[in-house]
Amino acid sequence: MTNTPVLLIGILVLAVGTFSLRLAGPVMRSRFELPERAQQVLAAAAIVLLTALVATSALTDGHGPAGVARPAGVLVGGVLAWRKAPFVLVVVAAAATAAGLRLLGVP
């Protein structure tokens, strides 16, 4: 796209739309009361979406499987995070696990 005014108008429209959606949350929060069950479902949905994102990132590489090293690193990081280890330790241990397995020739 080489038409600069059209590009700038598109960016402006997207910026206004994004700002409007972000502003609508706090403004509409006082007008609507979600039932307790709906709040529980939304909380569970956030966990499910995050889990799906982690699983997709850990188990796939492009259009194929990621091998064994990456999921093993994610598993080590997940266990350490679950055990409430410091974040730096979680990241370093996960990376070291994946790198160590790859160094040993595990895909």
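Up top is the structure.
What you are looking at is a predicted structure, and each value in this text was computed from that prediction instead of being measured. (Residues numbered from 1 in each chain as written. Predicted model: local features only at pLDDT ≥ 70, side-chain atom pairs only at ≥ 80, totals over all residues. Heavy atoms only, no water.)

Chemist: Tell me about helix α1 (residues 4-29), and name the residues and values.
Modeler: Here α1 spans 38 Å end to end across 26 residues, near enough to the 38 Å set by a 1.5 Å rise per residue. The largest bend in α1 comes to about 25°, at Leu23, with the proline Pro26 one to four residues further on. (Helix = DSSP H or I, 4+ residues; strand = E, 2+ residues; numbered from the N terminus. Expected span 1.5 Å × (residues − 1). Bend = angle between axes of the 7 residues up to and from the residue.)

Chemist: Break down the pattern of salt bridges for me, with residues and values.
Modeler: For the structure shown, the criterion picks out 1 salt bridge. The shortest N-O distance in the salt bridge between Asp61 and Arg70 comes to 3.7 Å. A relative accessible area of 49% places Asp61 in the partly exposed class. (Salt bridge = Lys/Arg side-chain N within 4 Å of Asp/Glu carboxyl O. Buried < 20%, exposed > 50% of the residue type's maximum accessible area, 1.4 Å probe, protein only.)

Chemist: An account of unusual backbone geometry is requested, with residue identities and associated values reported.
Modeler: Backbone geometry places Lys84, a non-glycine residue, at a positive phi of 60°. Along the chain, the position of Lys84 falls in the loop between α3 (69-82) and α4 (87-103).

Chemist: Which residues make up the packing of α3 against α4, and what values go with them?
Modeler: Packing of α3 against α4 brings their axes to within 8 Å, and their N-to-C directions diverge by 155°. Relative to α4, the element α3 lies roughly antiparallel. The handedness of the crossing between α3 and α4 comes out as right-handed. On α4, the residues that touch Ala69, Arg70, Ala72, Gly73, Val76, Gly77, Leu80 and Ala81 of α3 are Leu89, Val90, Ala93, Ala94, Thr97, Ala98, Leu101 and Arg102. Residues belonging to the contact of α3 with α4 are distributed by class as follows: 11 nonpolar, 3 polar and 2 charged. (Axes fitted to C-alpha atoms, helices over the stretch in contact; angles between N-to-C directions. Parallel < 35°, antiparallel > 145°, perpendicular 65-115°, else oblique. Left-handed = near helix turned anticlockwise from the far one by under 90°. Contact = heavy atoms within 4.5 Å. Nonpolar A, V, L, I, M, F, W, Y, C, P; charged D, E, K, R; others polar.)

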